[in-house]
Amino acid sequence: MPTTTDFHMLPWLSDLPSDQLSTVRDIPLAKLVRDDMLAMILRGDLPTGQRINEPDIAARLGVSRVPVREALRELESTGLVVARKHAGVFVREPDAEELRDLYEMRGLLDGFAGRRAARLGDEARIALADALDASIADMNAAFAAHDVQRYYRENLNFHWAIVEAAGNHALADTYRGVVQKLHLSRLKNLSQDMGMRASIAEHVAIARALRDGDVARCERLMARHVGDAYIRLSGLTG
């Protein structure tokens, strides 16, 4: 299981120390509590299937249970936690059917992001391609060190850079929600090499197509890459 520091740099997540909660102004308290619990879930501090103890969360953050309940309701709406009658709120994990659906959706979103990014002007597109090449270099270093967690983190950064470059807020919001749910399943497999060599080769091809401004190829490679990632993951979890 990852430690509390393994995923502190997820592309869509920045941690807020609990002792700073009371000093933040103009941000609803429930949102701060939600972000703190989200960080714990995505780091694996609150693993799938675990019951979330409201009094413990409230005491740790120095808040009442009201914003904790509000935060849990919001997290439930994202599908990251589930409330069970007379039992409490638990961190959930997508089942096999939902996992398949999420990967199918992510394939569509990644393909769209790749198409948008490949259409950027030359200066912005080349700058993005340079950043992707640097990300690939980090993946290669992680592969050489047999560091699956570091590779996975950089893989997230690679895809998120393309999604951000696409410049579509609706895409980014939807993508964030899909990948957060998928992340709950990936946490269990981060001690295993899920075809890093093949995945890196796919990233290289994507970065090259984007650098060339080949819109159709970039879209196709992005979508295929997600499908291949699902096949690799299914081989481990099936």
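Note: the structure precedes this text.
First, a word on what this report is: a plain description of the structure on this page. For clarity, every value in this text was computed on a predicted model and none was experimentally measured.

Quick notes on the rules
- Residues numbered from 1 in each chain as written.
- Predicted model: local features only at pLDDT ≥ 70, side-chain atom pairs only at ≥ 80, totals over all residues.
- Heavy atoms only, no water.
- Helix = DSSP H or I, 4+ residues; strand = E, 2+ residues; numbered from the N terminus.
- Buried < 20%, exposed > 50% of the residue type's maximum accessible area, 1.4 Å probe, protein only.
- Contact = heavy atoms within 4.5 Å.
- Areas by Shrake-Rupley, 256 points an atom, 1.4 Å probe, with all protein chains shown as cover.
- Axes fitted to C-alpha atoms, helices over the stretch in contact; angles between N-to-C directions.
- Left-handed = near helix turned anticlockwise from the far one by under 90°.
- Nonpolar A, V, L, I, M, F, W, Y, C, P; charged D, E, K, R; others polar.

Glancing now at the overall build of the chain. Scanning the chain from terminus to terminus reveals nine helices and three strands. Secondary structure elements of the chain, listed N to C terminal, follow the sequence α-β-α-α-β-β-α-α-α-α-α-α. Classification of the 238 residues of the chain by burial places 44% in the buried group. By sequence separation, contacts in the chain at least 24 residues apart represent 73% of the contacts at least 6 residues apart. About 11,600 Å² of surface is accessible on the chain, with carbon and sulfur atoms providing 51% of the total.

For Glu202, the location among the structural elements is in helix H8 (residues 196-212). In this structure Glu202 touches His225, Asp228 and Arg232, once residues within four positions along its chain are discounted.

In the contact formed by helix H2 (residues 54-61) and helix H3 (residues 65-78), the axes pass within 9 Å of each other and the chain directions differ by 120°. H2 and H3 meet at a crossing whose hand is right-handed. Here Glu54, Pro55, Ile57 and Ala58 of H2 lie close against H3, whose contacting residues are Arg65, Val68, Arg69 and Leu72. When the residues that make up the contact of H2 with H3 are grouped by side-chain class, the tally is five nonpolar, no polar and three charged.

Let us now look at the environment of Val226. Along the chain, the position of Val226 falls in helix H9 (residues 215-237). Judged by relative accessible area, which is 2%, Val226 ranks as buried. Along the backbone, Val226 and Gly111 are 115 residues apart, and their C-alpha atoms lie at a distance of 9.0 Å. Sequence-distant contacts of Val226, defined by excluding residues within four places in its chain, comprise Tyr103, Arg106, Gly107 and Asp110.

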